[in-house]
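Remarks on the overall topology
One letter stands for each residue in the lines below.
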Amino acid sequence: MTLDAPVDIRFTPAGTPLAVRYDGRIWVVAAEPVRWFSRSDWWNTAKRAPVGVGNLVDIEHLQVQVRLTATSALRTFELRRDPLSEQWLLAGITDTGAAAA
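Residues numbered from 1 in each chain as written. Predicted model: local features only at pLDDT ≥ 70, side-chain atom pairs only at ≥ 80, totals over all residues. Heavy atoms only, no water.

A look at the environment of Ala31
- One can find Ala31 in the loop between β3 (25-29) and β4 (34-39).
- For Ala31, a relative accessible area of 32% corresponds to the partly exposed category.
- Sequence separation between Ala31 and Leu18 is 13 residues, and the spatial gap between their C-alpha atoms is 9.6 Å. (Helix = DSSP H or I, 4+ residues; strand = E, 2+ residues; numbered from the N terminus. Buried < 20%, exposed > 50% of the residue type's maximum accessible area, 1.4 Å probe, protein only.)

Put into structure tokens, the structure is as follows:
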């Protein structure tokens, strides 16, 4: 399933995600997250910024395995934050085969 839904993420002081609020529910991170960066296709966008504004091309990604309760099936959330944005987006959800709680 592909989305672009805004989510809230609770992080540790070190920057590790602990929980994701999505669709009015709190999903607890149940495994070590994976973080990576990709580049936006800036040549196809109309984004312009004055010199010194910051990074306009690096998109931050997080892949986290989450669950609602200790016995719920795991789901994988792919999260994305665009350059210069504080808002995380839920880019996609993958179920591990079992029905989601």
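Having put the structure on the table, let's press on.
Remarks on the pairing of β3
- Bridge count between strand β2 (residues 17-22) and β3: four bridges; the pairing is antiparallel. Its bridge partner lying in β3, Ala19 is registered against Val28.
- Following β2, the chain reverses through two residues before pairing antiparallel with β3; Asp23 in that reversal takes a positive phi of roughly 55 degrees.
- Across two bridges, β3 lies against strand β5 (residues 58-67) in antiparallel orientation. Note that in β5 the partner of Val29 across the bridge is Val66. (Pairing = 2+ DSSP bridges.)

Considerations on unusual backbone geometry
- The phi angle at Asp23 is positive, at roughly 55 degrees, despite the residue not being glycine.
- Looking at where Asp23 falls in the secondary structure, it is placed in the loop between β2 and β3.

So, the nonpolar core
- Judged by nonpolar contacts, the single largest core of 17 residues is most densely connected at Val7, Val20, Tyr22, Phe77, Leu79 and Leu90.
- Counting residues per element, the ones that place at least two in this core are β1 (2-11), β2, β3, β5, β6 (75-81) and β7 (88-95).
- Examining the composition of this core, we find that four residues originate from one element, β1, more than from any other.
- Ignoring any residue separated from it by four or fewer positions in sequence, one finds Leu90 in contact with Leu3, Asp4, Ala5, Val7, Tyr22, Phe77, Glu78 and Leu79. (Core = buried A, V, L, I, M, F, W, Y, C linked by side-chain atoms within 4.5 Å. Contact = heavy atoms within 4.5 Å.)

What about the side chain of Glu60?
- You can see Glu60 is positioned in strand β5.
- Glu60 sits in the buried class, given a relative accessible area of 8%.
- A polar contact of 2.4 Å, which involves the side chain of Glu60, links it to the side chain of Arg35.
- A distance of 2.5 Å separates polar atoms of two side chains, one belonging to Glu60 and the other to Arg81.
- With near-sequence residues (within four places) excluded, Glu60 lies in contact with Arg35, Trp36, Phe37, Leu79, Arg80, Arg81 and Trp88. (Polar contact = N/O pair within 3.5 Å; in protein donor to acceptor, adjacent residues only side chain to side chain.)

Quick notes on the pairing of β6
- For β6, the tally of buried residues reaches five of seven residues, placing the bulk of the element in the interior.
- Two strands pair when backbone bridges link them, and β5 and β6 are joined in this way by seven bridges, in the antiparallel orientation. Within β6, the residue paired with Val64 across the bridge is Phe77.
- Pairing analysis gives six bridges linking β6 to β7, with the strands arranged antiparallel. Across the sheet, Leu79 pairs through a bridge with Leu90, a residue of β7.
- A loop of six residues connects β6 with β7, the two strands running antiparallel in sequence, and Leu84 in this loop sits at a positive phi of about 65 degrees.

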